[in-house]
Each structure stands twice: as C-alpha cells, then as structure tokens.
Protein chains: 4
Amino acid sequence: MATERASTTAGGRPRDPRIGDAVLTATLELLETSPYDALAIEEVARRAETSRPAIYRRWPGRAHLVLAAIATRLAVPEPPDTGCTLCDLDEGFGVFLEAYRTIRPEILTALYAECAADPELRSRYAATVVDPARAAVGRTLERAVARGDLREETDRDLLLDLVGALVHHRAAFGEHHLTGAEAAGAIEMLLRGAAVDYDALLAHSEKVEHIGHPASHPGAPH
Amino acid sequence: MATERASTTAGGRPRDPRIGDAVLTATLELLETSPYDALAIEEVARRAETSRPAIYRRWPGRAHLVLAAIATRLAVPEPPDTGCTLCDLDEGFGVFLEAYRTIRPEILTALYAECAADPELRSRYAATVVDPARAAVGRTLERAVARGDLREETDRDLLLDLVGALVHHRAAFGEHHLTGAEAAGAIEMLLRGAAVDYDALLAHSEKVEHIGHPASHPGAPH
Amino acid sequence: MATERASTTAGGRPRDPRIGDAVLTATLELLETSPYDALAIEEVARRAETSRPAIYRRWPGRAHLVLAAIATRLAVPEPPDTGCTLCDLDEGFGVFLEAYRTIRPEILTALYAECAADPELRSRYAATVVDPARAAVGRTLERAVARGDLREETDRDLLLDLVGALVHHRAAFGEHHLTGAEAAGAIEMLLRGAAVDYDALLAHSEKVEHIGHPASHPGAPH
Amino acid sequence: MATERASTTAGGRPRDPRIGDAVLTATLELLETSPYDALAIEEVARRAETSRPAIYRRWPGRAHLVLAAIATRLAVPEPPDTGCTLCDLDEGFGVFLEAYRTIRPEILTALYAECAADPELRSRYAATVVDPARAAVGRTLERAVARGDLREETDRDLLLDLVGALVHHRAAFGEHHLTGAEAAGAIEMLLRGAAVDYDALLAHSEKVEHIGHPASHPGAPH
DNA sequence: TGCTAAGCGAGACGGTACGTCCCGTCTTAAT
DNA sequence: ATTAAGACGGGACGTACCGTCTCGCTTAGCA
C-alpha cells in the first residue's frame, strides 16, 4: 500500500487531510492528460491549491506521489473458486489485467523505471502494484495443485512471474493491453507447454551436453 | 539503428565528426554512474567539451541521444544451430539476457517509457533494442518447429513475449538478473507446461462454461 | 529600554526565565558573525535550544529581539564636567563613538531601517539607542552655553544632529570609524566655523537676494 | 552609476532591453507601496512579466536591483555660480536635498544597511547616491575658498562629510527631510561656528590638558 | 583565386521547475 | 491558564537545466 509519509511524532499541528486528498486528485487529473515526466509538482500544487512544501512533506518526490495516486485506483478482486482450474486461471489473469486497465501503461513504465534508483520506491511499488495480484493468483494456483490439476513440482513463483511479467510487459510496453484471447493463449502455453514431447527433448539435450556443454542446464530436472 | 540526424542540405560547413563521437562517449560514461533521468544534456555537453546546440543539432532530445549511445553497445549474436532445440533455446535465452547485461536495465525501461510520447523514438527503439534479440530467438523457434520439436500451432509471438517479458521483468524489477538455472526452469515450464493433463482441464472448463459462462474463453482452442 | 514582552495575565504556567536569557545570548553571538538580515529566528531558537514560538511569545519579531539583545550592551557614560568646554565636547564625541564601537554599525543601520514600518520599534529604538547619547551630550552643550562658551542662540538640536550624523555616517558607511583627530577637527569646524567673516557673507547674500531671490533664506538670522 | 551587470563576453544572444526597463519600472512601482524588505524579487518578476532568473542575470541581488532602480531617479544638477558664497551653498544644500527627496528615506537606509556586507554594493552606492552631490557641493566650496570667503586651511572633506552626513541622516533616519530653514541654520552653524570665541576655548583647553589630560586632542590645531 | 551563402561552433538568453529555508501560526501535552 | 515544543501551511529563495536565438567563423561551391 502506498500512502503519504507519516509525521515524525504525534505532537504538533495535525495535517489538513483535505490537502492530501486534493493533491492525489490533482495528480490523477494531470496524469490523464500529461505524460508522466511532464508532471510537475509545481503544477500539482497549483491545481490542488496548496504549496510545494505541503506535498514534499507527504511524499519524498514525484514517483512516490504518483504511486500513491494510482494506488487509490488499484483494487484487486479475489478470484473466485469455481472448481474449474482453467476458469479460475482465466479469472486470475483478469485480476492482473484489471490492475493495469485503470492506469495508463506509460505511467507504470515510468514509475517502474524510477524504481531502479530507489529501493524504498521499489518495495512500495511491489507492495502496491505487483503483490496483491500475485498473491490472489497464487492462491488460485495452490488450489489447482491441491486439486491435482497442476504437477506438484510446479515452480509456482516462476509461473507467477511468467504471468505477471507478461501482463506487466504488455500493459507497460505493448501497443495495447493483453486481450482475453491472448490471455487464454498464454494460459494454454503455460499449462500445456509448447513442446510436442518435452522428455524427448531433454533426453536429446543431455546426450548433446555430455559431449559439448557438460556444465549447463544445472537446474534441469532428470 | 539509431544514429545522428543528418544535415539539412549538402552545402555549408561540414560537421565536426569528433563532436558526435565525443558526445556518445560522454553519454555512455555518464550513464554508468547517474540514473537516466539525472542525465543532463548540459552535463553531456560539458564532458564532451562542446555545447548544447551541437547536440540538439544531431539528436532531437535526450532519449534519442541515449538510444544512439547504447546502440553502439548492443550487439545481438546469432544463436547457433546446434541441432538440439533445448540447447538452442538455452542460447536464445542467453541472447536476451546478454542484451540486458551490457546496458543498465533501468535505462532501457526509462527509454521505453519515453517512447509512449514519441512514435519516432518508439520505432527506433524497436528496431534497435527489441527486434534483433526477438528475431534471433524467433529464428531458433522456427527451426524448432521445422524440426518438429514444437507443436506447429504454437504462437511464436506469444512465446517470445513470455520469454522477453520474464527476462525484462527480472532485469528491471527483480533483485537480480535471471540466472541460468532460472532460465532453464522457465524453458521447461514453457515447453512442458504446468498441467498434468491440459486436455482434460480444457474439456472440464468447456462443460462448466456451457452452463455458466458461455461468452468467455473467446479465443480458446478446441 | 527594550526588554521582552510581558505575559498577558498573571495566571498559568510561569515563563522559564532561562529561555529569554539564552535567546538574547544566542542572538548576540550570531550577530557577531552573520549580517543582520541573515539572522534567522529559527537559527536563534536552535542555538538557544528552544523553539520559535517561545521567542515570538517574548518579542514581536526579529527587530525587537535584536534591539533587546543589543540593549544589554549599550551603556552611555555621563560625560564629565571638566570645566573645559572643548574637553567636554571631546568626551561627548567619545560618547557617540562608544555607542557604535560595541555594536556593529550595520546592525544599527538595519535596525533603524525597520523602524520606518513600525512606530513601536521606532520609539524603542530612540529610547534605547539614540536618546541616551543625545541627552548626555545635550547636557554638555547646556553647560557650555551656561558657561558662555557657546552663543546663546545656538540651535542645540542642530548641533547634536550634525555631530550624531557625522559619527553615524562614518561608522556605518565610512571605511573606518571616526578617529580622535578627525573628531577634534569636526569640533573645531563646528565651533569656529569655516567662514573668514560670516557676517560679511550674510550681508552680501542679502543684497544679492534683494535683487534676485527675495524669498529664500527664510530662516537666516538677521 | 548603478546599472545592470554586463554580459561576460560579446557573444551569444543579446539581452532583451525591454526586460531590464520593465524590471526597473516594476521595482520602483512596488517600492512606492511596500517597505523595502517586503520587496520580493518574485513579485518584481511577476509585475514585469518576466522571470526571476532574468533579473538575477542582470543584478546580483535585491539591493543592487533597488540601487539601479533609484539611480534612474537621482539626478544631481550642477549648483550655479552666483558669485555669492552663501547663495551658492544654499543651492548646494538644495542639491543634496533634492537627491533624497525623490526617494523614500527608509529605502536608502535599508540599502545603506546592506552596504556593510557587500563592498561592491558599497562602492556602487557611493558612486550613485553619495558622490555626485558631494562633488557638486565640493566645487562650490572650491570657489568659495578661491574667492577668499572660507579660510584656506578649511578641511573641505570634513565639511562635505558634515553636510552630507546631516542630509543623509535626516533623509534616512529623520521624521522628515531637512527643510530649507534647517539647511540655512546648518550652513550658518558650519560657517560661523557655534563658539563665541574658539581661540579662547582652545587656549583654555590646552592649559587644562597640560595638567590633567596630556595625551588627548592629538590632532588639535595649534 | 576571390566571393557568397550556408551550416557549424559556442555563448547567452528567456523561462520552468526544482528542492529548501524560513516564516508565522496552530495544536497538543505539560506545568 | 499559560507555557513549551513540534509540525503545519505557505511565500520566496537562488539555481540547474531546458530549448532557442544570435553571433562570428569556417567551409564548399561558383564566378
């Protein structure tokens, strides 16, 4: 969850709660029309009819402010337990997608770019944008494994990464968000696999590697 | 390919070729230490011992300049045809990884973020950064299909997206780059699939949907 | 006399007397190194290890605070009655000079500049800084007149202004404070006059004015 | 003369002359209503419809700006040579007075206060405000000496300081500017002297000092 | 070979936005 | 009831950098 920075102690004049709200609203309004890096704190302050220091007192900088603003729009629904794994996953994908449909992708991308330089921001971003959807779909995967629909040795984290990365990638970088059809395709790919006969490929690879690349595929199953 | 903007006409004083080179070098040097959006054209000009207009004459702005600078470092090797699909894919993954290892991921992310507002930049970015790696791995996939190792109906674009997104995601957002082991795990997941019996899941889901959710799974295969 | 503002009523928590002292001390210390208008109340509070409101409770603003602070340093000695008018005046000059030797002149100047906007401050300033020295020298002049050394019609206020202005001017604007020799020269000039024969000049001027400028010299003696 | 700071070299885009003028005008307008230290560069920029950096490019700070602004209002006419020393001095005093009548005294005072911390400002202030009037009256004194109306050994600098200090003091610190009558009184005081018999005072003082204060009056004339 | 026009280099300009300092005030807890 | 102290809302600061304009110089092509 990304929210405004707390005061140091309990003492002192309390913050005017209307200012924080007005700032978040102004931020969202401005983000609707201007590209992320044209979003000036000064402009936000002007529109929210307050001052720059009042904003800096609440958030350390633009990225944190924007994250807090879009956090008010992100709401991850719990995917239902329909008893049908494929349907559940479909819904789960939807959970990821929904999280990104309300926010302009380039904003996420730019935010994301700033995460590299600010660990604090990175963890807030993860906690706000990434984790909720991840956790919701994670529970769906647990059920699927329990139901015996997924192989037990499935690396659930990896699977979540693949799904999350795809959605994020498309949302942030693609021409358009992932469609339902593409999502279904991805689910199929991830569940069925692309190989005609994976075990045969593995066997072949091991034979080849015996000859030329003995040290690779360290984590390959046997 | 991203290079500097050409002169308007042929006449007049010729450009000093050393300036363009010095600027690109200075840009790369500065990018090694400062985060992307702290890269000031002014600073580049200072370090290259030239002036800002000389830079603006060659590139329309910071993003184009940075793209041109990193383009000099990006070189996507053609993944070899070993005859072993798994090995090829391994190498292909490495191609993606390599593309991100020479350039700080956040730079790519930030660059791409700016693409949203500038179609010209977007196509240069695609041509310079995305397409070569994608095409190289794409060719590997073609061979795999031709060899009969992948199902023919495999959506190669989707597969590429899944791979690329994962690598990019981990590079830009993860604690560390994807390791070889993780890459191998992902390859396995993508080739073998997570489902115990995908066709059974599909059949079940269609039965369920017949009853409750007739309109979903529009693109589901049958 | 400039001192701290009194409490509204008698009831309530008593003021901590150490705070007022510490603030005045801190103010004087800071004035030793920083120019007047770089003196921040905030800084004073920091150095006195208290808070800004505690200062504002005692003085209405910076100027009043500074006046109170320097008032603790200003002490005007009564010039002695030596029986020798010239010697007395010499001492009197010294009284003016002394007032400026303990306080950096620019502080007085800046303080006075603020008086323009604050009548309360102005009267405090007069009572604290100006009047004591003026009164002391004024008494010396009275004695000189009584003794018959100065002409009775001498405008004592004007004479005091001339002396005070010269000292102030040199202290605040000159390269160095007035020296004793310069002071003696000024005394001579003021007592003896610069004219060879003032009455002749006056007669001449009246003749001229009769012809050309009848209305001027309204206050000229006859 | 106080004017705007010159560009470093001849190269580069030339300054828009209208900006400098507009800024000076805006400064003078604002000084008409607001006290000196409430004059915000920001406000000047707003009123002149330009930006703060454009002002800082021309003047190093508020004091220099204000000095330049009031310099446009200060014009010292050459006092005429009427052949009558007293009349000339009267006019000369008028020159001083006039120079200060157009400017609010508190502004001069405040400016003057800032001179203490800035030698560059101090010399500009002297050159702009003090010297012209001083030089004009200085020439009048020269003529008076040449005419034999003033004693030859008169310390002209001291006399000018006395006059200038008085006018400046009254202009800057007094309730009102010096009036013509007061000026005439001052002229009389300075020319005729306040003493009934200065030489007698001197003789007396020397006798006293022989006994009690041998080291004082170091520069006393003999 | 000299002239002309165009493009280049560099510097300074006008202006936006930054992040911070400090102001004067309000609020709570303590005395 | 009034203090002490912390934090707040806000005005203004001086600066970094942006993107552009202007200049003088360099060069290529034409006479």
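A short tour of the structure in this document, coming up. Treat the numbers as computed from the prediction; the structure is a model and nothing was measured.

**Considerations on helix α9 (residues 180-192) of chain B**
Part 1 of the argument: In a regular helix each residue adds 1.5 Å, so 13 residues correspond to 18 Å; α9(B) covers 18 Å between its end C-alpha atoms and thus fits that length.
Part 2 of the argument: Those residues of α9(B) not exposed but buried are B:Ala183, B:Ala184, B:Gly185, B:Ala186, B:Ile187, B:Glu188, B:Met189, B:Leu190 and B:Leu191.

**Things to note about the interface of chain C and chain D**
Part 1 of the argument: Between chain C and chain D, the contact holds 59 residues from the first and 65 residues from the second.
Part 2 of the argument: Counting each side, the surface lost to burial between chain C and chain D is near 5,900 Å², with a carbon and sulfur contribution of 67%.
Part 3 of the argument: At the boundary of chain C with chain D, the tally comes to 2 salt bridges.
Part 4 of the argument: One salt bridge connects C:Asp199 with D:Arg192, and the closest N-O pair in it is separated by 2.8 Å.

**Here we look at the pattern of salt bridges**
Part 1 of the argument: Counted under the stated rule, the structure contains 83 salt bridges over all chains.
Part 2 of the argument: Between C:Arg143 and C:Asp88 there is a salt bridge; the shortest N-O distance is 3.6 Å. Of the two residues, C:Arg143 is situated in helix α7 (residues 119-146) and C:Asp88 in helix α5 (residues 85-101); the sequence distance between them amounts to 55 residues.
Part 3 of the argument: A single salt-bridge network, built from bridges that share partners, covers A:Asp81, A:Asp88, A:Arg143, A:Arg147 and A:Asp149.

**A short note on the state of the cysteines**
Part 1 of the argument: If you walk through the whole model with that rule in mind, you get 4 disulfides over all chains.
Part 2 of the argument: The disulfide partner of C:Cys84 is C:Cys87, and the S-S distance across this bridge is 2.4 Å. Given an S-S torsion of about 75°, the disulfide between C:Cys84 and C:Cys87 has right-handed geometry. By the burial criterion, C:Cys84 is buried, and C:Cys87 matches it.
Part 3 of the argument: Just so you know, A:Cys115 is unpaired, no disulfide at all, and the nearest cysteine sulfur is the one on B:Cys115, 18 Å from it.
Part 4 of the argument: We classify A:Cys115 as buried; its relative accessible area is 1%.

**Things to note about the protein's contact with DNA strand E**
Part 1 of the argument: Near DNA strand E, the surroundings consist of 49 residues, among which A:Arg52, A:Tyr56, B:Ser7, C:Arg52 and C:Tyr56 are the closest.
Part 2 of the argument: Close to the protein, within 4 Å, the atoms of DNA strand E are drawn from sugar and phosphate at a rate of 60%.
Part 3 of the argument: B:Asp16 is positioned with one of its backbone polar atoms (N or O) 3.2 Å from a phosphate oxygen of DNA strand E.
Part 4 of the argument: For DNA strand E, a phosphate oxygen lies 3.1 Å from a polar atom in the side chain of D:Arg58.
Part 5 of the argument: Elements with a minimum of two residues in the surface near DNA strand E: α2 (41-47) and α3 (52-58) of chain A, α3 (52-58) of chain B, α2 (41-47) and α3 (52-58) of chain C together with α3 (52-58) of chain D.
Part 6 of the argument: Within the surface near DNA strand E, the residues separate by chemical class into 15 nonpolar, 14 polar and 20 charged.

**Some details on the packing of helix α4 (residues 62-71) of chain C against helix α6 (residues 105-115) of chain C**
Residues and elements named next belong to chain C.
Part 1 of the argument: Closest axis-to-axis distance for the α4/α6 pair is 10 Å, and the angle between their directions is 140°. By the angle between their directions, the pair α4 and α6 is classed as oblique. Handedness of the α4/α6 crossing: left-handed. Residue-level contacts link Arg62, Ala63, Val66, Leu67 and Ile70 of α4 to Ile107, Leu108, Leu111 and Glu114 of α6.
Part 2 of the argument: When its residues are assigned to classes, the contact of α4 with α6 shows 7 nonpolar, no polar and 2 charged.

**Here's the deal with the side chain of C:Asp149**
Residues and elements named next belong to chain C.
Part 1 of the argument: Relative to the assigned elements, Asp149 resides in the loop between α7 and α8 (156-173).
Part 2 of the argument: Residue Asp149 is classed as buried on the basis of its relative accessible area of 16%.
Part 3 of the argument: A distance of 2.4 Å separates the side chain of Asp149 from the side chain of Thr85, its partner in a polar contact.

**A short note on the relation of the copies chain C and chain D**
Part 1 of the argument: Least-squares fitting of chain C to chain D yields an RMSD of 0.8 Å, with the transformation described by 0.5 Å of translation along the axis and a rotation of 179°. Expressed as a symmetry operation, the mapping of one chain copy onto the other fits a two-fold axis.

**Overview of the interface of chain A and chain B**
Part 1 of the argument: Taken residue by residue, the interface counts 66 residues in chain A and 61 residues in chain B.
Part 2 of the argument: Across the interface of chain A and chain B, roughly 5,900 Å² is buried in total on both sides, 67% from carbon and sulfur atoms.
Part 3 of the argument: Seen at the junction of chain A and chain B, the total is 6 residue pairs in polar contact (both at pLDDT 80 or more).
Part 4 of the argument: Secondary-structure elements contributing two or more residues to the side of chain A that touches chain B are α5 (85-101), α6 (105-115), α7 (119-146), α8 (156-173), α9 (180-192) and α10 (198-211) of chain A.
Part 5 of the argument: Class assignment for the residues of the side of chain A that touches chain B results in 34 nonpolar, 15 polar and 17 charged.

**A short note on the nonpolar core**
Part 1 of the argument: Residues A:Ile70, A:Phe93, A:Tyr125, A:Leu191, B:Ile70, B:Phe93 and B:Leu191 are the most contacted members of the largest nonpolar core, which totals 141 residues.
Part 2 of the argument: When residues in this core are grouped by element, the largest group, 10 residues, is from α7(A).
Part 3 of the argument: In this structure A:Leu191 touches A:Leu86, A:Leu89, A:Leu150, B:Arg192, B:Gly193, B:Ala194, B:Ala195, B:Tyr198 and B:Leu201, once residues within four positions along its chain are discounted.
Part 4 of the argument: Counting residues in each nonpolar core, the second largest holds 140 residues, with D:Ala69, D:Phe96, D:Tyr100 and D:Leu158 among its members.

**So, the environment of A:Asp161**
Part 1 of the argument: Structurally, A:Asp161 can be placed in helix α8.
Part 2 of the argument: Residue classification places A:Asp161 among the buried positions, given a relative accessible area of 8%.
Part 3 of the argument: Separated by 148 residues in the primary sequence, A:Asp161 and A:Arg13 place their C-alpha atoms 45 Å from one another.
Part 4 of the argument: Among all residues touching A:Asp161, those that are not within four sequence positions of it are A:Arg134, A:Leu166, B:Leu166 and B:Arg170.

About the criteria used
Residues numbered from 1 in each chain as written. Chains lettered and ligands numbered in written order. Predicted model: local features only at pLDDT ≥ 70, side-chain atom pairs only at ≥ 80, totals over all residues. Heavy atoms only, no water. Helix = DSSP H or I, 4+ residues; strand = E, 2+ residues; numbered from the N terminus. Expected span 1.5 Å × (residues − 1). Buried < 20%, exposed > 50% of the residue type's maximum accessible area, 1.4 Å probe, protein only. Contact = heavy atoms within 4.5 Å. Buried area = accessible area lost by both parts, 1.4 Å probe. Salt bridge = Lys/Arg side-chain N within 4 Å of Asp/Glu carboxyl O. Disulfide = S-S within 2.5 Å. Near = heavy atom within 4 Å. Polar contact = N/O pair within 3.5 Å; in protein donor to acceptor, adjacent residues only side chain to side chain. Nonpolar A, V, L, I, M, F, W, Y, C, P; charged D, E, K, R; others polar. Axes fitted to C-alpha atoms, helices over the stretch in contact; angles between N-to-C directions. Parallel < 35°, antiparallel > 145°, perpendicular 65-115°, else oblique. Left-handed = near helix turned anticlockwise from the far one by under 90°. Least-squares fit on C-alpha atoms with pLDDT ≥ 70 in both. Core = buried A, V, L, I, M, F, W, Y, C linked by side-chain atoms within 4.5 Å.

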